[in-house]
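Residue-level listing of the chains:
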Amino acid sequence: MARRHFAEELRVGPDIASPQAVFRSLQDELDGETQEVFGVLYLDNRHCVLAFERLFFGTIDQAAVHPREVVRAVMRHNAAAVILTHKHPSRVAGPSSADRCITERLRKALNLIDVRLLDHVVVGRPCISMAERGLL
């Protein structure tokens, strides 16, 4: 039921309804996770949702993220833009220095294949948008 709500809320109109809709949907999608999970929301040119996928799973406080695998998944979905996300099981949503580092590495990798990185959302209570904080 939560997955259906996730898909419906993000597919309002030709593009994503709002950043708040993304936050609510990602919280619903990742709320039950007890380990760190890194996922990607794949979007087309008009920012309509193509898919959401959990790519990496980790421990209670970290997950290894491999840019090569992210790029491979983006190409598989034929995405034009992405929103990265990861769940902090502690619910502390502030982005760490490791979060900022991997975001920059992914931004550079995605630029090479002309895919826009719109945001990296750290899921906690509350969700934190790295784009809104000027960290992209």
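This text goes with the structure placed above it.
Rules of the game
Residues numbered from 1 in each chain as written. Predicted model: local features only at pLDDT ≥ 70, side-chain atom pairs only at ≥ 80, totals over all residues. Heavy atoms only, no water. Axes fitted to C-alpha atoms, helices over the stretch in contact; angles between N-to-C directions. Helix = DSSP H or I, 4+ residues; strand = E, 2+ residues; numbered from the N terminus. Parallel < 35°, antiparallel > 145°, perpendicular 65-115°, else oblique. Left-handed = near helix turned anticlockwise from the far one by under 90°. Contact = heavy atoms within 4.5 Å. Nonpolar A, V, L, I, M, F, W, Y, C, P; charged D, E, K, R; others polar. Buried < 20%, exposed > 50% of the residue type's maximum accessible area, 1.4 Å probe, protein only. Pairing = 2+ DSSP bridges.

Engineer: Residues and numbers for the packing of helix α3 (residues 67-77) against helix α4 (residues 97-112), please.
Structural biologist: Running from amino to carboxyl end, α3 crosses α4 at an angle of 45°, the nearest separation of the two axes being 10 Å. If you check the angle between α3 and α4, you find them oblique. Taken as a pair, α3 and α4 cross one another with a handedness that is right-handed. Contacts between α3 and α4 involve Pro67, Val70, Val71 and Val74 from the first element and Ile102, Arg105, Leu106, Ala109 and Leu110 from the second. In terms of residue class, the contact of α3 with α4 is made up of 8 nonpolar, no polar and 1 charged.

Engineer: Can you tell me about the pairing of strand β1 (residues 37-43), naming the residues and giving the values?
Structural biologist: Most of β1 is tucked away, with 7 of its 7 residues classed as buried. Residues Val37, Gly39, Leu41 and Leu43 point to one face of β1 and Phe38, Val40 and Tyr42 to the other, with burial holding for every one of them. In the sheet, β1 pairs with strand β2 (residues 49-57) via 7 bridges, with the strands oriented antiparallel. In the sheet register, glycine 39 faces β2, and the bridge partner there is arginine 54. Hairpin connection from β1 to β2: 5 residues lie between these consecutive antiparallel strands, with histidine 47 at a positive phi of about 65°. Bridge analysis of β1 against strand β3 (residues 81-87) gives 7 bridges, and the strand direction is antiparallel. Counterpart to valine 40 in the pairing with β3 is leucine 84.

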